[in-house]
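Working through the structure, step by step
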Amino acid sequence: MRYIRPLSIEDAVGELAKAVGPAAILAGGSDLLVRMKGGFIEPELIVDIKAISGLADITETADGFRIGAAVPCAVLGENKAVRKAWPGVVEAANLIGSKQVQGRCTITGNLCNASPAADSVPALVAAAAKAVVAGPSGKRTIAVESVPTGPGRTSLAKGEIIEAILLDKRPEHAGDAYLRFIPRTEMDIAVVSAGVNLTLDDKGAIKTARVALGAAAPTVLLVEEAGQVLVGSKLDEGTLERLAKICSGACRPIDDKRGTIEFRRKVAGVLAQRAAAIAYKRAGGK
Amino acid sequence: MAGVAVSTTINGDAVEYLCQPDETLLDVLRDRLGLTGAKEGCGTGDCGACSVIVDGRLVCSCLVLGAEAEGRKVETIEGMAHGDQLHPLQQKFLEHAALQCGICTPGFLIAAKDLLAKNPSPTEEEIRFGLAGNLCRCTGYDKIVRAVQDAAEVMKGA
């Protein structure tokens, strides 16, 4: 096995592209090292991306925020500007693991690990976040929901690295929220979860809405119909009931030790309602 | 496998070592450097017994590669006391009997040190949340929480 720490994204892409055996990208390592320890993967090459210029930084741009792929979630949580603009994304990211894990784990890693139960991903999908992908044929920017294709699988090609996650600048009257159900108070994997992102008009009616569900299907789900039902409303009871029904219907969950299909369906709807209420309040709705 | 040459700083001392590319920082500390304070409980980042601080961040050393310590500043339990002078947290853990078998204690002390550095006056709830990444199967946590509260008082007065 070889460990390398390239200084440029081009070098990292080049090394990954020409790797013969299994290769792994290392940022926080909180998934990778566990999988190596368990013998699930035996990489012949580990590419540590933390020394690449810009990858450990959060930058505020004219369009919003650029969160480098190597930014630990603890650092993201300490960034007041991101926290103010995207509280739902930040609280989702800060739910991953313990303080020790927070010091290492990244939202890009959470996305690329492609767990259906990844906490930050429904919030990022609801936020319409984008991923900047660097690869052998250059760079492209894609919607985060197009990255995971199934449990543990992504759409990234050989040699490709996500170098940053982009979040838009927020307009007036905007809010987001993320909620998950776990049987204990913390340090657990979501049984089911929901992320909601809203913008309101001047009168407090919902102008745009995105709803995403976690641990409810093989990948995090963007439920477009759920967003559409919210538009034009002020989250009256009837709308919230329709929202829950659509979310429960959109789920394609599994039965496992953490929850049954029936339970996940029911709770997905409840969490979507509650997350929508929090997002609405954060957006200034009454 | 080719070894990786690493230059790092551990508890203020410049340290150089050779390690394997897949060797964890925990294994380097314990097996190559003789710093056996950090313990391996789970080896998968769940128990916190291997907690160390790297560049001011609390991490599980079992989830860090030894090679990654290049150019970093690592703080371990061995650097917590000043000679014979125990750190207030160590003193209060003794006074409150906040340990039984002791395996989790170095990790708790390092995590508590990090917690108090970032939040000198934590509430009980903040202490319990802050130390949720450290598991203890003996004490039931109450004595640990009280020791940290007491140490926080002492450190504020210092």
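Along each chain, the written sequence defines residue order, and numbers are assigned to residues from 1. By the order in which they are written, chains take letters starting at A while ligands take numbers starting at 1. At least 70 in pLDDT is required for a residue's local features to be given in this predicted model, at least 80 for side-chain atom pairs to be given and counted, and no such filter applies to totals for whole chains, interfaces and linings, which use all residues.

Considerations on the overall build of chain A
In DSSP terms, a helix is any run of H or I states spanning at least four residues, a strand is any run of E spanning at least two, and both are numbered starting from the N terminus. Secondary structure assignment for chain A yields 11 helices and 14 strands. We take the radius of gyration over the C-alpha atoms and set the globule estimate at 2.2 Å times the residue count to the 0.38 power. Taken over the C-alpha trace, chain A has a radius of gyration of 19 Å; the compact-globule value for 286 residues is 19 Å, and the two agree within 12%. When its C-alpha atoms are laid out on the principal axes, chain A stretches across 60 × 45 × 35 Å. For chain A, with 286 residues in total, the buried portion stands at 53%. Taking the intrachain contacts of chain A between residues at least 6 apart in sequence as the baseline, contacts between residues at least 24 apart amount to 64%. Neighbour counting defines burial: a residue surrounded by 20 or more other C-beta atoms within 10 Å of its own C-beta is buried, one with 12 or fewer is exposed, and intermediate counts give partly exposed, using backbone-placed C-beta atoms. Remark: residues whose backbone-derived C-beta atoms lie within 7 Å of one another are considered to be in contact.

Things to note about the nonpolar core
Buried Ala, Val, Leu, Ile, Met, Phe, Trp, Tyr and Cys residues whose C-beta atoms connect them within 7 Å together make up a nonpolar core. Core analysis: the largest hydrophobic core is formed by 149 residues, its most contacted members being I49, L124, L213, C247 and A272 of chain A. Beyond its immediate chain neighbours, meaning those up to four positions away, L213 of chain A contacts P122, S193, A194, V220, L221, V223, C247, A250, C251 and A268 of chain A.

Let's talk about helix α11 (residues 261-282) of chain A
Residue and element names in this part refer to chain A. Here α11 is 22 residues long and its end C-alpha atoms lie 31 Å apart, about the 32 Å a rise of 1.5 Å per residue gives. For α11, the full list of buried residues reads R264, R265, V267, A268, G269, L271, A272, Q273, A275, A276, A279 and Y280. Where α11 is buried, its residues meet α5 (87-93), β11 (174-181), β12 (192-200), β13 (206-214), α9 (224-230) and α10 (237-250). Where α11 ends, the next residue or the one after it, G284, has phi of about 95 degrees, a positive value. Expected span, for any helix, means 1.5 Å times one less than how many residues it has.

Concerning the sheet that holds β11 of chain A
All names here are of chain A. Read from one edge to the other, the open sheet built from 4 strands follows the order β11-β12-β13-β14, with strand pairing classed as antiparallel. On the outer flanks of this sheet lie β11 and β14 (221-222), each paired with one strand and no other. Pairing between strands is defined by DSSP: at least two bridges between the two strands are required. For β11 and β12, the ladder comprises 8 bridges, and the chain directions are antiparallel. Bridge pairing links D176 to N197 in β12. In this description, a line fitted to the C-alpha atoms serves as the axis of each element, helices being fitted only across the stretch in contact, and the angle between N-to-C directions of two axes falls anywhere from 0 to 180 degrees. Relative to β12, α11 is tilted by about 30 degrees, and along the sheet it contacts β11, β12 and β13.

Re helix α5 (residues 142-157) of chain B
All names here are of chain B. Between the first and last C-alpha of α5 there are 23 Å, a value that for 16 residues agrees with the 22 Å anticipated at 1.5 Å per step. Turning to α5, its buried residues are I144, V145, A147, V148, A151 and A152. The arc that holds the buried residues of α5, viewed along the axis, is 160 degrees, so those residues lie on one side. Exposed residues pointing more than 90 degrees away from the buried face of α5 are listed as D142, V154 and G157. At its buried positions, α5 is contacted by α2 (88-95), α3 (105-118) and α4 (124-130). An arc is given here, and it is the one of the directions from the helix axis to the C-beta atoms.

Notes on the interface of chain A and chain B
Interface size, as often reported, equals the accessible area lost upon joining of the parts. Chain A puts 21 residues into the contact, and the matching count from chain B is 24 residues. Contributions of two or more residues to the side of chain A that touches chain B are made by β1 (2-4), α2 (32-37), β3 (45-48) and α6 (99-102) of chain A. A per-element tally of the side of chain A that touches chain B places α2 of chain A first, with 4 residues. Polarity classes work like this: nonpolar for Ala, Val, Leu, Ile, Met, Phe, Trp, Tyr, Cys and Pro, charged for Asp, Glu, Lys and Arg, and polar for all others, with Gly in that last group. Of the residues that constitute the side of chain A that touches chain B, the class distribution is 10 nonpolar, 5 polar and 6 charged.

Remarks on the domain arrangement of chain B
All names here are of chain B. Domain assignment breaks chain B into domain 1 (4-79) and domain 2 (88-157). Segment limits for the domains were obtained from an automatic or database-derived domain assignment. One C-alpha centre belongs to domain 1, the other to domain 2, and the line joining them spans 21 Å. With 13 residues of domain 1 at the interface, the matching set in domain 2 holds 11 residues. Broken down by element, the side of domain 1 that touches domain 2 gets its largest block of residues, 3 residues, from strand β3 (residues 51-54).

What to know about the domain arrangement of chain A
Residues and elements named next belong to chain A. According to the domain assignment, chain A contains domain 1 (2-48 + 57-168) and domain 2 (174-282). Every contact between the two is made by 25 residues of domain 1 and, on the other side, 25 residues of domain 2. Among the secondary structure elements, those contributing two or more residues to the side of domain 1 that touches domain 2 are α5, α8 (120-126) and β8 (148-150). Here the side of domain 1 that touches domain 2 is composed, by residue class, of 17 nonpolar, 5 polar and 3 charged.

As for the pairing of β3 of chain B
The side chains of a regular strand alternate, residue by residue, between the two faces of the sheet. Residues and elements named next belong to chain B. Bridging between β3 and strand β4 (residues 57-60) involves 4 bridges; their strand directions are antiparallel. Bridging from a neighbouring strand, V54 pairs with R57 of β4. Counted between consecutive antiparallel strands, the loop separating β3 from β4 contains 2 residues, among which D55 sits at a positive phi close to 50 degrees.

Concerning the sheet that holds strand β5 (residues 73-75) of chain B
Residues and elements named next belong to chain B. What the 5 strands build is an open sheet, ordered β2-β1-β5-β3-β4; its pairing is mixed. Only two strands of the sheet have a single neighbouring strand rather than two, namely β2 (13-19) and β4. Adjacent strand axes in the sheet meet at a mean angle of 40 degrees when their direction is disregarded. On top of the sheet, α3 reaches β3 and β4; it is set at about 40 degrees to β3, its chief contact.

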